[in-house]
Protein chains: 2
Amino acid sequence: MVIGVFDSGVGGLTVVRELLRHMPDQAIIYLGDTARTPYGTKSSETIIDYSIEDTGFLVSKGANLIVIACHSASSVATNAIRQHFSLPVFEVVSPSIQQAIALTKKGRIGIIGTRATVASGVYEKTIPELSPEIKVFSQACPLLVPLVEEGWIKRSETRRIVKKYLRPLREREIDTLILGCTHYPLLRPVIQEKIGKTVQIVDPAQEVALTVRKFIEQKQDKAEKASNNANRFFLTDLTPTTASVVRQFLGAKILLEKIEL
Amino acid sequence: MVIGVFDSGVGGLTVVRELLRHMPDQAIIYLGDTARTPYGTKSSETIIDYSIEDTGFLVSKGANLIVIACHSASSVATNAIRQHFSLPVFEVVSPSIQQAIALTKKGRIGIIGTRATVASGVYEKTIPELSPEIKVFSQACPLLVPLVEEGWIKRSETRRIVKKYLRPLREREIDTLILGCTHYPLLRPVIQEKIGKTVQIVDPAQEVALTVRKFIEQKQDKAEKASNNANRFFLTDLTPTTASVVRQFLGAKILLEKIEL
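Residues numbered from 1 in each chain as written. Chains lettered and ligands numbered in written order. Predicted model: local features only at pLDDT ≥ 70, side-chain atom pairs only at ≥ 80, totals over all residues. Heavy atoms only, no water.

### Quick notes on the relation of the copies chain A and chain B
Here is the rule we go by: Superposing the copies works by least squares over the C-alpha atoms of residues that have pLDDT at least 70 in both of them. Residues count as neighbours in contact if any of their non-hydrogen atoms are within 4.5 Å of one another.
Between chain A and chain B, which share one sequence, the superposing operator has a rotation angle of 180 degrees and an axial displacement of 0.0 Å; the RMSD is 0.0 Å. Taken together, the turn and the small shift mark the pair as related by a two-fold rotation axis. Across chain A, the smallest distance between a C-alpha and the rotation axis is recorded for Arg36(A), namely 2.3 Å. Of the residues that chain A buries at the interface, 100% are likewise interface residues in chain B, meaning the two copies contact each other through the same surface.

In structure tokens, the structure reads:
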């Protein structure tokens, strides 16, 4: 199988990192829509249009399984993608919801994300459908993406802003927190500190990787597995800082190809 | 004349505000490319492509004079627009440069802007060509746009970040500072405080409005002037928060029309 992964930008490489960690022999095609990034501040309608274009590109390059790495796109565009394309589509919301439900003891789950993800209300809607006794509290944290992209991971300003964003969730006494944006795993240490040491953190990148691995293991026989390991990384825009940001997210240097959608 | 104004998003409304203040009877067509905002983090190539599309849209709606309100587009795309379209094109860089040269006494000018604007080097190149004795110091301030768009105008975090960004310019003992991004006039009080009370601030929105007014007054006779005052405001994306952000920038409520490019 060829796994096609798309994201609004380079943040989705945190998902690629987990996919490669759990399936090092799997071929991955990545598309980061850096020319139109970010998605999380935009309308559902626009995010759906862009996501369908992104998926179409991955399919044209040979992907036969799609992973939506972007939480904003996962929250608002998954159904539309499934309607347009007849191939397996995985997204980062459902696996993290299942893991959060499995982990919570007090039945109080927090979720942080972009404005678009939080406004979609997908967590508040889905979690009580699965476990009616669980309470869900969400908080939009729009400044965390630009702070991470600036590389301000450990700065005092970032720590203060994280603290401010997390205060309402802390007051709600959540015991489980979903990192509902690809960029947030890079802030995990400061998020853990500010939300409290006892709160369990769910990293959707890891959860979706485990889900995809399980699916692929059931689908294909072992002979096929190690066949075509030729990962490709496409971006719709490249700037002088892109390569270093990519390295920060993926933990490795890669060849980047610029394309137009 | 119909003035067509474009920007990467809603920030350019600070320019519209000045145009309306100085030419209340002039018809204005505004295009904010909110579906692809921001431009300032993207490559010159991409900014040029988008700017030509934006200008083409304004021309199709009847604009016969173009104002580039976006500093990133002004810095990298002005020549390309002039090559593609045969109509007067004004941008926010040149008028502010002239005003800064007129104001500086010590010959030390500072400029703050997005990564794209600062990387273009247009100020460092142009100012010494006009006045070889003047020294120019620039500083990219990428977090200020998201902070303004969050409405964090007076927050302590914003004040600290502004102070951090301005420190190198303060150490260079500039006496004149150009606000090289449409969003920065909203932070003018804190910028003035952190750079020092004696530093003169140049607001490019005001300078370009005065330049355009002068041009139009020379061009047209008074009879034509008050004819067609029908301003229109087009955006490529609308979200639930757009209307309130627009109000913050323009200081007035307006009808917004969504279009696709």
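### Points about the interface of chain A and chain B
By convention, interface size is frequently given as the accessible area that disappears when the constituent parts associate. What counts is decided by this rule: A pairing counts as a salt bridge when a side-chain nitrogen of Lys or Arg comes within 4 Å of a carboxyl oxygen of Asp or Glu. Throughout this description, a polar contact denotes any pair of N or O atoms lying within 3.5 Å of each other; where both atoms belong to protein, one of them has to be capable of donating a hydrogen while the other can accept it, and for residues adjacent in sequence the pair is counted only when both atoms sit in side chains.
Facing 33 residues of chain A, the contacting portion of chain B comprises 33 residues. On the surface where chain A and chain B come into contact, there are 6 salt bridges. Note that Glu45(B) and Lys258(A) form a salt bridge whose closest N and O atoms lie 3.3 Å from each other. There are 18 residue pairs in polar contact (both at pLDDT 80 or more) connecting chain A and chain B.

### Description of helix H2 (residues 44-60) of chain A
Rule in force here: Helix and strand assignments come from DSSP, with helices taken as H or I runs of at least 4 residues and strands as E runs of at least 2, each series counted from the N terminus. One fewer than the residue count of a helix, multiplied by 1.5 Å, yields its expected span. Think of it in three bands: with a 1.4 Å probe and only protein chains considered, a residue is buried below 20% of the maximum accessible area for its type, exposed above 50%, and partly exposed in between.
Helix length check: H2(A), at 17 residues, gives a terminal C-alpha distance of 24 Å against a target of 24 Å (1.5 Å per residue), a fit within 8%. Among all positions in H2(A), only Thr46(A), Ile47(A), Tyr50(A), Ser51(A), Ile52(A), Asp54(A), Thr55(A), Phe57(A) and Leu58(A) are buried.

### Description of the sheet that holds strand E7 (residues 176-180) of chain B
All names here are of chain B. Rule in force here: Only when DSSP finds a minimum of two bridges between them are two strands counted as paired. Here an angle of 0 to 180 degrees is reported between the N-to-C directions of two axes, which are lines fitted to C-alpha atoms, with helices fitted over the stretch in contact.
Read from one edge of the open sheet, 4 strands run E6-E5-E7-E8, paired in parallel fashion. Both edges of this open sheet fall to strand E6 (135-140) and strand E8 (200-202), since each of them pairs with a single strand only. In this sheet, adjacent strand axes meet at a mean angle of 25 degrees when their direction is disregarded. Relative to E8, E7 runs parallel, the two being bridged by 3 bridges. In the sheet register, Ile 178 faces E8, and the bridge partner there is Val 202.

### Notes on a positive patch on the surface
The condition that has to hold: In this analysis, a patch consists of residues with relative accessible area above 30% that form no salt bridge, clustered at 9 Å for like charges and at 5 Å for the nonpolar side chains Val, Leu, Ile, Met, Phe, Trp and Tyr. Surface accessibility in these figures is a Shrake-Rupley result with a 1.4 Å probe; residues are shielded only by whichever protein chains are displayed. Under the counting rule used here, the positive set is Lys and Arg, the negative set is Asp and Glu, and His together with the chain ends is not counted. Think of each charge as sitting on NZ of Lys, CZ of Arg, CG of Asp or CD of Glu.
On the surface, Arg160(A), Lys163(A), Arg167(A), Arg170(A), Arg160(B), Lys163(B), Arg167(B) and Arg170(B) cluster together into a patch of positive charge. At the level of elements, helix H8 (156-171) of chain A together with helix H8 (156-171) of chain B are the ones that each hand at least two residues to the positive patch. Turning to its location among the elements, Arg170(B) is positioned in helix H8.

### Quick look at the packing of aromatic side chains
Centre distance and the angle of the planes are the two values used to describe a pair of aromatic rings. Residue and element names in this part refer to chain A. Keep this limit in mind: Each Phe, Tyr or Trp ring, with Trp reduced to its six-membered ring, pairs with another whose centre is within 6.5 Å; inter-plane angles below 30 degrees give stacked pairs, above 60 give edge-to-face pairs, and intermediate values give tilted ones.
Considering all chains together, one arrives at 10 aromatic pairs over all chains under this definition. Between Phe 57 and Phe 234, the ring centres sit 5.0 Å apart and the planes meet at 80 degrees, which makes this aromatic pair edge-to-face. One end of the pair, Phe 57, is in helix H2; the other, Phe 234, is in strand E9 (residues 232-235), and 177 residues separate them in sequence. Comparing Phe 57 with Phe 234, the two get one shared label, buried. Between Phe 90 and Phe 215 the ring centres are 5.1 Å apart and the planes differ by 65 degrees, which places this aromatic pair in the edge-to-face class.

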